[in-house]
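# Close look at the chain arrangement
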Amino acid sequence: MPAYLSAPLHSPRRLLPLPSSSSRPASLAIFAATAKRRRRRRRSISSSLSVLRAPMSSRRPTQQHHSEAPDPGGRGRGRGRGRARGASPSHQQPRAPPAPGLTLPYSSATAPPELRQAMEPPSPPHPPAPTHAHAHAQPGPSRPQQHVAPAIPSSSKSIRFPLRPGKGTIGTRCLVKANHFFADLPNKDLHHYDVSITPEVTSRLVNRAVIKELVNLYKASYLGGRLPAYDGRKSLYTAGPLPFTSQEFQITLLDDDDGSGSERRQRTFRVVIKFAARADLHRLELFLAGRHAEAPQEALQVLDIVLRELPSARYAPFGRSFFSPHLGRRQPLGEGLESWHMSATAFIEPLPVIDFVAQLLNSDIHSRPLSDAERVKIKKALRGVKVEVTHRGNMRRKYRISGLTIQPTRELTFPVDEAGTVKSVVQYFQETYGFAIQHTYLPCLTVQRLNYLPMEMVKHNAYQDDPYAKEFGIKISDRLASVEARILPAPRLKYNETGREKDCLPRVGQWNMMNKKMVNGGKVRSWMCVNFARNVQESVDFALEPILPPLNARPDQVERALKARYHDAMNVLGPQRRELDLLIGILPDNNGSLYGDLKRVCEIDLGIVSQCCCTKQVFKMNKQILANLALKINVKVGGRNTVLVDAVSRRIPLVTDRPTIIFGADVTHPHPGEDSSPSIAAVVASQDWPEVTKYAGLVSAQAHRQELIEDLYKVWQDPQRGTVSGGMIRELLISFKRSTGEKPQRIIFYRDGVSEGQFYQVLLYELNAIRKACASLEANYQPKVTFIVVQKRHHTRLFAHNHNDQSSADRSGNILPDSKICHPTEFDFYLCSHAGIKGTSRPAHYHVLWDENNFTADALQTLTNNLCYTYARCTRSVSIVPPAYYAHLAAFRARFYMEPDTSDSGSVVSGPGGGRGPLSGSSTSRSTRVPGGAAVKPLPALKDSVKRVMFYC
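Residues numbered from 1 in each chain as written. Predicted model: local features only at pLDDT ≥ 70, side-chain atom pairs only at ≥ 80, totals over all residues. Heavy atoms only, no water.

### Remarks on the overall build of the protein chain
Worth spelling out the cut-off: Runs of H or I in DSSP of at least four residues are treated as helices and runs of E of at least two as strands, each being numbered from the N terminus. Working definition: with a 1.4 Å probe on protein chains only, accessible area under 20% of the residue-type maximum means buried, over 50% means exposed, and in between means partly exposed. Exposure was quantified through the Shrake-Rupley algorithm and a 1.4 Å probe, taking into account, for residues, occlusion by the shown protein chains and nothing else.
Scanning the protein chain for helices and strands turns up 21 helices and 43 strands. Counting every position in the protein chain, which comprises 953 residues, the buried fraction comes to 53%. Counting every atom, the protein chain has about 43,500 Å² of accessible surface; 51% of that belongs to carbon and sulfur.

### Side note on the packing of helix 8 (residues 353-361) against helix 9 (residues 372-382)
The test is simple: Geometry is summarised by axes, namely lines fitted to C-alpha atoms with helices restricted to the contacting stretch, and by angles between N-to-C directions that run from 0 to 180 degrees. A clockwise turn of the near helix away from the far one marks a right-handed crossing, whereas an anticlockwise turn of less than a right angle marks a left-handed crossing. The contact criterion used is simple: two residues touch if any of their non-hydrogen atoms lie within 4.5 Å.
Put simply, helix 8 and helix 9 touch, their axes get as near as 11 Å, and they point 120 degrees apart. The handedness of the crossing between helix 8 and helix 9 comes out as right-handed. For the pair helix 8 and helix 9, contact is made by Val 353, Phe 356, Val 357, Leu 360 and Leu 361 and by Glu 374, Lys 377, Ile 378, Ala 381 and Leu 382, respectively.

### Focus on the sheet that holds strand 20 (residues 451-454)
What counts here: Between any two strands, pairing holds if DSSP finds at least two bridges.
The five strands are arranged 20-19-16-15-21 in an open sheet whose pairing can be described as antiparallel. Pairing within the sheet leaves two strands with one partner each, and these edge strands are strand 20 and strand 21 (458-460). The mean angle between the axes of side-by-side strands here comes to 50 degrees, regardless of whether they run parallel or antiparallel. As defined by bridge partners, strand 19 (residues 443-447) adjoins strand 20 across four bridges and the pair is classed as antiparallel. By the bridge assignment for strand 20, Val 447 is matched with Asn 451.

### Describing the packing of aromatic side chains
Condition: Working definition: rings of Phe, Tyr and Trp (its six-membered ring) pair if their centres are within 6.5 Å, and the pair is stacked with planes under 30 degrees apart, edge-to-face with planes over 60 apart, and tilted otherwise.
Scanning the model with the defined rule gives 24 aromatic pairs in all. With a centroid separation of 6.1 Å and an interplanar angle of 20 degrees, the aromatic rings of Trp 511 and Tyr 869 are classed as stacked. In this pair, Trp 511 is assigned in the loop between strand 25 (503-504) and strand 26 (527-531) and Tyr 869 in the loop between helix 19 (857-867) and helix 20 (882-894), connecting sequence segments 358 residues apart. Ring plane angle 55 degrees and centroid distance 5.4 Å describe the contact between Tyr 695 and Tyr 886, whose orientation is recorded as tilted. Separated by 191 residues along the polypeptide, Tyr 695 in strand 33 (residues 695-702) and Tyr 886 in helix 20 bring together distant segments of the chain.

### Focus on the pattern of salt bridges
Stated precisely, the cut-off is as follows: When a carboxyl oxygen of Asp or Glu is within 4 Å of a side-chain nitrogen of Lys or Arg, the pair counts as a salt bridge.
Summed over the entire model, instances satisfying the criterion amount to 26 salt bridges. We note a salt bridge from Glu 294 to Arg 160, for which the minimum N-O separation is 3.1 Å. Highlighted residues: Glu 294 in the loop between helix 6 (282-288) and helix 7 (297-314) and Arg 160 in the loop between helix 4 (113-119) and strand 4 (172-178), separated in sequence by 134 residues. One salt-bridge network, held together by shared partners, links Glu 559, Lys 563, Asp 597, Arg 600 and Asp 605.

### Some points on the confidence of the model for the protein chain
Reading fine detail from the predicted coordinates is not recommended where pLDDT is low. The condition that has to hold: pLDDT expresses, on a scale from 0 to 100, how confident the predictor is about each individual residue.
In the predicted model, the protein chain carries a mean pLDDT of 78, and 71% of its residues have values of at least 70. Overall, residues 901-926 carries pLDDT values under 50, and its contacts beyond four positions in sequence, including any with other chains, amount to 122 contacts.

### So, helix 5 (residues 204-218)
Inclusion rule: Here the expected length of a helix is defined as 1.5 Å per residue gap, with one fewer gap than residues. As used in this structure description, the phrase polar contact means that two N or O atoms lie within 3.5 Å; if the pair is within protein, one of them must be able to donate a hydrogen and the other to accept it, and residues adjacent in sequence are counted only when both atoms belong to side chains.
Between its first and last C-alpha atoms helix 5 spans 21 Å; for 15 residues at 1.5 Å apiece the expected length is 21 Å, and the two agree. Within helix 5 the residues assigned to the buried category are Val 206, Asn 207, Arg 208, Val 210, Ile 211, Leu 214 and Val 215. Buried residues along helix 5 sit in contact with strand 6 (190-198), strand 7 (229-230), strand 8 (235-238), strand 9 (246-254), strand 10 (266-279) and helix 7. A distance of 3.2 Å separates the backbone nitrogen of Leu 205 from a side-chain oxygen at the start of helix 5, and that oxygen is part of Ser 203.

### Observations regarding the nonpolar core
The condition is simple: Think of a nonpolar core as a cluster: buried Ala, Val, Leu, Ile, Met, Phe, Trp, Tyr and Cys residues, connected wherever their side-chain atoms sit within 4.5 Å.
The biggest cluster of nonpolar side chains holds 105 residues, and the ones touching the most others in it are Phe 532, Leu 562, Leu 598, Tyr 750, Tyr 846, Tyr 886 and Tyr 952. For Phe 532, the contacting residues outside a window of four places in its chain are Ala 553, Arg 554, Pro 555, Val 558, Ala 561, Leu 562, Ile 586, Leu 587, Pro 588, Leu 594 and Leu 598. Within the second largest apolar cluster, 43 residues are counted, among which are Ile 159, Ile 747, Tyr 765 and Leu 849.

### Thoughts on the environment of Val 519
Within the secondary structure, Val 519 is located in the loop between strand 25 and strand 26. For the pair Val 519 and Asp 503, spaced 16 residues apart in sequence, the C-alpha to C-alpha distance is 9.5 Å. Dropping the residues within four chain positions of it, Val 519 is found in contact with Lys 494, Tyr 495, Asn 496, Arg 640, Asn 641, Thr 642 and Val 643.

### Brief notes about helix 15 (residues 623-636)
Given a rise of 1.5 Å per residue, 14 residues ought to cover 20 Å, and the 20 Å separating the end C-alpha atoms of helix 15 matches this to within 8%. Of all the positions in helix 15, only Ile 625, Asn 628, Leu 629, Leu 631, Lys 632, Ile 633, Asn 634, Val 635 and Lys 636 are classed as buried. Of the surrounding elements, those touching the buried residues of helix 15 are strand 28 (582-587), helix 13 (594-606), strand 29 (609-614) and helix 14 (615-620). Where helix 15 begins, one side-chain oxygen reaches toward the backbone nitrogen of Gln 624, 3.1 Å away; that side chain belongs to Asn 622. Phi turns positive one or two residues past the end of helix 15, at Gly 638, with a value near 95 degrees.

### A short note on the state of the cysteines
Convention followed: Pairs of cysteine sulfur atoms within 2.5 Å are identified as disulfides in what follows.
Counted according to the given criterion, the structure contains zero disulfides. Unpaired in this structure, Cys 612 has its nearest cysteine sulfur neighbour in Cys 602, at a distance of 7.5 Å. Take Cys 612: its relative accessible area is 2%, and that puts it in the buried class.

### Remarks on the pairing of strand 8
Burial along strand 8 is two-sided: Ser 235 and Tyr 237 facing one way and Leu 236 and Thr 238 facing the other are all buried. Pairing of strand 6 with strand 8, which is carried by four bridges, proceeds in the antiparallel orientation. Looking at strand 8, one finds that His 192 is bridged to Tyr 237. Sheet topology note: the strand 7/strand 8 ladder contains two bridges and is antiparallel. Its bridge partner being in strand 8, Tyr 230 is matched across the sheet by Leu 236. Between strand 7 and strand 8, which follow one another and run antiparallel, lie four residues, and Gly 232 among them has a positive phi close to 85 degrees.

### What about the sheet that holds strand 40 (residues 828-831)?
Spatially, seven strands are ordered 33-32-31-36-37-41-40 in an open sheet, and the strand pairing comes out mixed. Strands with a single pairing partner mark the edges of an open sheet, and in this sheet they are strand 33 and strand 40. Strand-to-strand, the axes of this sheet are offset by a mean angle of 20 degrees, without reference to chain direction. The pairing of strand 37 (residues 784-791) with strand 41 (residues 844-851) spans six bridges and is antiparallel. Pairing of Val 789 across the sheet is with His 847, part of strand 41.

### A word on the pairing of strand 15 (residues 386-389)
When strand 15 meets strand 16 (residues 398-408), the two strands line up antiparallel, connected through three bridges. The partner of Glu 388 across the bridge, within strand 16, is Lys 398.

### Details of the environment of Pro 550
Structurally, Pro 550 is set in the loop between strand 26 and strand 27 (551-552). Residues Pro 550 and Asn 531, spaced 19 residues apart in sequence, show a C-alpha to C-alpha distance of 6.9 Å. The contact partners of Pro 550, leaving out residues within four places of it in the chain, are Cys 529 and Phe 542.

### A word on unusual backbone geometry
Look at the link from Thr 198 to Pro 199: it is a cis peptide, with omega at 0 degrees. Mapped onto the elements of the fold, Pro 199 is located in the loop between strand 6 and helix 5. In this structure, the amide linkage connecting Trp 689 to the following residue, Pro 690, adopts the cis form with an omega of 15 degrees. Among the secondary structure elements, Pro 690 is positioned in the loop between strand 32 (679-686) and strand 33. Although it is not a glycine, Asn 362 sits at a positive phi angle of roughly 55 degrees. A residue is classified by how much of its surface remains accessible, and Asn 362, at 36% relative accessible area, is partly exposed. Backbone geometry places Asn 854, a non-glycine residue, at a positive phi of 55 degrees.

### Focus on the side chain of Thr 825
Its location among the elements puts Thr 825 in the loop between strand 39 (815-816) and strand 40. Each residue touching Thr 825, except ones within four places of it in the same chain, is listed here: Pro 162, Leu 163, Arg 164 and Gly 290.

Right under this line is the structure:
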């Protein structure tokens, strides 16, 4: 029985369908309040508890309309972070840091067995896989039940990601197309042979040339007519057995002709091919059918090699992409470098050109002429495309389109003889081929020497057959996969009761602020303005006058100007015991490093939030720009723009019934080639409940290209305080308790930027850090955790199944498939939560790696989609869940805080710098030591008044 799988374009690797009370720190005392009565009853027990300190050897030293900052790559979002996502297995990754140090208010002897197992190395070599058998929490004011967290698996061998809890049902069903192509696998085993080439060479190109020559010479004889697939190293595969178990060959290669006329050098290689094993495709079939838990890596590797064989021969392979100097434009980059083309592009579906044009324009063109703009768009889309004619029966002659005529077909004529006799195109096709052109009002395609081809008799060239896939019995569909999807309903958003519109229901992922007031307006009592733009000299009228008149300053004196003006303002405000709430900065349109310098001075040195505005926006200054500025300013001064109606009415499952904190985390890396700049980690967490709209953020510098977030939980020795616990998770939990008066009983953790190959490593390390951060605050405090990876760097794209159906077009915003192109058994889904502004939208991929809260598919998908409507910087739903988006923004901001010796203008590093103390206290920056290397210089600490608010917006 054939097995089916799908592979996204340009992604051959993914072949899937795819502490005693007297000495307690103040921060710990906050969390201890709820357990006070319980401790009174158990005083004799608690007094005997000891504090377990990790051995020193195991501890590490601590460490839309964007009128302001350019969105770092946008969250559309091709951000240039240089992240090696999906890197080949041979790419060397940094060593994982040791597990975070541990300080718990109990010893391992007195801890519950489940927590004790997490604290101590497991004794069995393969501990049993954990189960998630927790009942859903019931709403109501009942006393919180003690949650005993399941043990954290000690290795990837003992962990299983959550199974899909059924399929979602909410929403309007529809069909979408995906750039995945179904493949029919053969009902036979593939044979694996070891290859040895002597003398050994490191170049895959040379190895491939040797095997190619061997196949050319001996395919019909020694190879029994079989066409092998070769990985360029040590493995070769065939669709059936070769006529031998071991065979030696002598292969001679000639060097390329250098044009000098001298004799070409010969090189002789000894090649030994030896049978190794059979690759069992039956396990892959079981996996795709959901009857086998683990993906059979050997079978997938075989298929990967087979499907890569042809493009590897035709194009230049680099990592997991293929490049050619003949595809797209070649552009000089300087220093002897040139760019060829993007590694991801679009293929034109093989269909009649006239139908393609209708889809391209998203309009019916069968009864009207084209406008000039439409003609230009079609010409750009079709130039250079290979097509074949359909009016000559079985003779399908192929052409390459060179352009488009200006005149419609009915006006086109051409000479037929030397006497100057002309004939119309319509007449010619009727008389010569008996073909009556129907759409004479449309232009013709031009091919070769100004030959005319009417659109209706031309079809796009079908995808070329792959002889390797065919030889191995793999049949790949040439049609985009049709996938069942659902359009999720938009959530209703709440605004202030004093506005004309108290709530609204977004349409197609967008809305506006007309007749609405922000649900919670922030207060700006005193502010100042500094103008760095020379051409903005006119006086500006302000509804609320600044504390001092606007100051004109030079861009190269930003630090001096800001500090001097701040000092002048505080001379006025200080006697009144008031603080400066906001700085407005007017910048030139091309401001270079001015923006980053302003943010660094304000947030690190002065402790004020700022809003920047470019010159062109000052002169344009319409209601839309003002509304956009107001959205950003409001959240920076502690307000809320909007909240979900379901959040206020406590109708969000597993979020609003019990105190829940939502985290977002991201790590950004320097560009490739930057071998000294640190990576930056950022973590944000919701600070309001049940609204889950306001997010505080922390950042930290860490080891170069280290993907694991090292500062989630930290333990270090302080000369005065002794052993001290800290880290970003701990600080944000304390901040949540201060803000809401509640301890989180649930944690939802959205983790951005993790590739599939890092899933186990990131989950094991970061879930362990979350557990320890919670346990350091109160004995047995272990809220239930759901850990979700968010991915945008993938090649899956979704298209409308019918471009003429507006209800299923890609602007609908919420297309969500959870079958066929997803994992056969694990809990993952694609969500297109944003309205596509231009072109095809890239869906976000969410993969649940841990779920103690037992989310249903509908509950998690709806929560994730609805949160995307609460993004503070615009009145649009966004492409990824806001906490992950905010973490990226916070990380991007931190690159401005780095000192010149560690910052690089081309590096995409980010993360607001952070201390280790509580959010409301002074933070102490500590260095993080690179495993086996030098210490990473910490980022300067953010002022407390800044890190409590959404300064990064």
